[in-house]
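Examination of the molecular architecture
The residues making up each chain are set out below.
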Amino acid sequence: MAAVMIGAGPHKESHTAVAIGMSEEILGQVRVRASAAQAGRLLAWAQSWPERTWAVEGAGGLGHLLSQQLVAAGEQVLDVPPKLAARVRLLASGNVNKNDPNDARSVAVAALRSPACLPVRAEDHTAVLKVWAKRHRDLSRARNQVVCRLHAVLCDLVPGGVSKRITAGQAARILDQVQPRGAAGAARWILAEQFLADLRRAGAQRNDVKKKLAAAVQASGTTVTEIFGVGPAVAAAVLGDVRDISRFPSSDHFAACNGTAPVEVSSGGRVVCRLSLRGNRRMNHAVHMAAVTQVRYPRSKGRAYYDKKIAEGKTSKEALRALKRQVSDALYKQMKADARRAAASAAGPGGHPGNGSVASVAGLHPADRLFGQATPGPDSTLRPQPGQSKGKRSARQVRRPVTARTPA
C-alpha cells in the first residue's frame, strides 16, 4: 500500500480529490473542473506524494473516464463502491457534513481500510462486449415498451382485442382491416401506424446490434456459448461485467456476485437461507434467461434437472433457482477453462509434451478413472462436439453439471 491515498469524488461538472496518510489525516485537497485537462491538473497537484494510490468512487460509472485517464498515465487506481464510501461517512465519529471534500475523504478511507476495493485496469475487449450488451438491453426494453403501447391502441380499435404476442406483420394486417369510426378512431389509427413504424425501426436496430454482438463474442474467443441457452447476448452480458474471472476464487463467490447463491439469515441454532436480492442484477438476468431457455425445451438436460426438482417437492420458482445455480457453476467452469487456455497460449510452448492432465499432483486424469468421481456429479452441461456420437462421448464431458441439452 502506498504512503498516501487520494480519494476522488467524480461529478458531472467537477472532481474533488482529498489526500490522506496512513493515519487518515488530511494532507491536502483540490477541486478541478471536469474538462479535457482534468487528469493533468490532478496529477500536477499530486506530484508532492510520489508514493500514492488513487481511489475513485464508482470507477465503473460516473468515474469511469477519470479512472481510465489515471490508469493510462501509469497511476495505481482502486475502484471504491459508492455504498462502501457512504458507510464510512455514516459510521464516522462526530457530526460529518455531506459535502464534496468529506465524500472524497470517505472514499480514501474506504480504499485504505477495506480489502474489497478492486484495482482499475485498462479497458480490453470485454469493454466492447459490455457496450453492445447494454445497447441490446436498451433496445429490447424500448421495443417492449412500443409493443405494449401498440397493443393498447389496437385493443381500442379491434373488438375483443388482439393476442398478447404480436409482430409488426400481424399489426400491419390488423390495421389494413380496421375501419376507424369518427375522429377519435382515426386518431387512434394514425397513432397505431406511428407505433408500428417505431416497432419496425427498433426491430431493425436490434437486429443490427445482434450482429455486432455475435461478432464481438466470436472475436473474444470464449466458449461459454457452448452451454445450451447461452447465446451472444447472454455471453456478452456476463463477460462484460465479469471481465477477469480470476477475481472469483470459487464458483460460490461467482454465484454470490450474480445473485444465484442464497443468503443466510440464521440466528442461534436456527439455520435459514433466503433468496438473494444482492449481486449484479444484469448478470442475474442473463443467467435467468439461460435457465428459462433450457426449461422451455422438454428434451434438454436443464429441463430434466428442473423436473427432478419438481418431483422432489420443490415449487416451480425453487426449481428454477436451483437450475440458475447450475447455470452459474457451468459459466464459471467454462470461463475458468477459457482463462487457462488464454494463459497457456500467451506463455507459449513449454512443459512436458503429451501431458493431458491439469495437475498431476491432484490425481489421475478424469478420463482414466476407473470408478468415476468420489462424489458423483450431475450430467453434462455442454453440447457434444460436432460429429461425436452419443455413445462415444468422453467421460470428462459426462461429469459436468446439468444445465444443457443434447441436440436431437
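Rules used in this analysis
Position numbers for residues start from 1 in each chain and track the written sequence from start to end. Restriction of local features to residues with pLDDT of at least 70 applies here, the model being predicted, together with a cutoff of 80 or more for giving and counting side-chain atom pairs; totals for whole chains, interfaces and linings are based on all residues. Note: side-chain values were computed over all heavy atoms of the structure, leaving out hydrogens and water. The score called pLDDT rates the predictor's confidence residue by residue, from a low of 0 to a high of 100. It only takes one pair of heavy atoms within 4.5 Å for two residues to be counted as in contact. Here a helix means four or more residues in a row that DSSP labels H or I, a strand means two or more in a row labelled E, and each is numbered from the N terminus. Two aromatic rings, drawn from Phe, Tyr or Trp (for Trp, its six-membered ring), form a pair once their centres lie within 6.5 Å of each other, and the interplanar angle then sorts them: stacked below 30 degrees, edge-to-face above 60, tilted otherwise. Accessible area is worked out with a 1.4 Å probe on protein chains only. A residue is then buried under 20% of its type maximum, exposed over 50%, and partly exposed in between. Note: two strands are recorded as paired if DSSP finds a minimum of 2 bridges between them. By the criterion used throughout, a crossover qualifies as right-handed when its path from the first strand across the helix to the second strand runs clockwise, the strands pointing away from the viewer.

**Comments concerning the confidence of the model for the protein chain**
Caution is warranted with low-pLDDT regions, since their predicted coordinates should not be read in detail. When pLDDT is averaged across the protein chain, the result is 84; 84% of the residues are at 70 or more. Across residues 351-408, confidence stays below pLDDT 50; counting only partners more than four residues off in sequence or on other chains, it has 87 contacts.

**Structural notes on the side chain of N280**
Locating N280 in the fold gives a position in the loop between β8 (273-274) and α10 (281-296). Ignoring sequence-local partners within four residues, the contact set of N280 consists of D241, C257 and N258.

**A few points about the packing of aromatic side chains**
Within this structure, the stated rule accounts for 4 aromatic pairs. A ring pair is formed by W45 and W49, whose centres lie 5.1 Å apart and whose planes are at 70°; its orientation type is edge-to-face. The same class applies to W45 and to W49, which are both buried. Chaining the aromatic ring pairs together yields one cluster made of F248, F254 and Y332.

**A short note on the pairing of strand β2 (residues 14-20)**
Consecutive side chains of a regular strand alternate in pointing toward one face of the sheet and then the other. Most of β2 is tucked away, with 7 of its 7 residues classed as buried. Side chains S14, T16, V18 and I20 of β2 all project onto a buried face; the interleaved residues H15, A17 and A19 project onto the opposite face, where all are buried too. Where strand β1 (residues 4-10) folds back on β2, the antiparallel hairpin that results is connected by 3 residues. Pairing analysis gives 7 bridges linking β2 to strand β3 (residues 26-33), with the strands arranged antiparallel. Bridge pairing links H15 to V32 in β3. What sits between β2 and β3 in their antiparallel hairpin is a turn of 5 residues, with E24 showing a positive phi close to 70°.

**A few points about the pairing of strand β4 (residues 52-57)**
Burial within β4 is extensive, with 5 of its 6 residues counted as buried. In terms of strand pairing, β4 meets strand β5 (residues 77-80) through 4 bridges, oriented parallel. Following the sheet pairing, A55 is matched in β5 by L78. Handedness of the β-α-β unit built from β4, helix α2 (residues 64-72) and β5 comes out right-handed.

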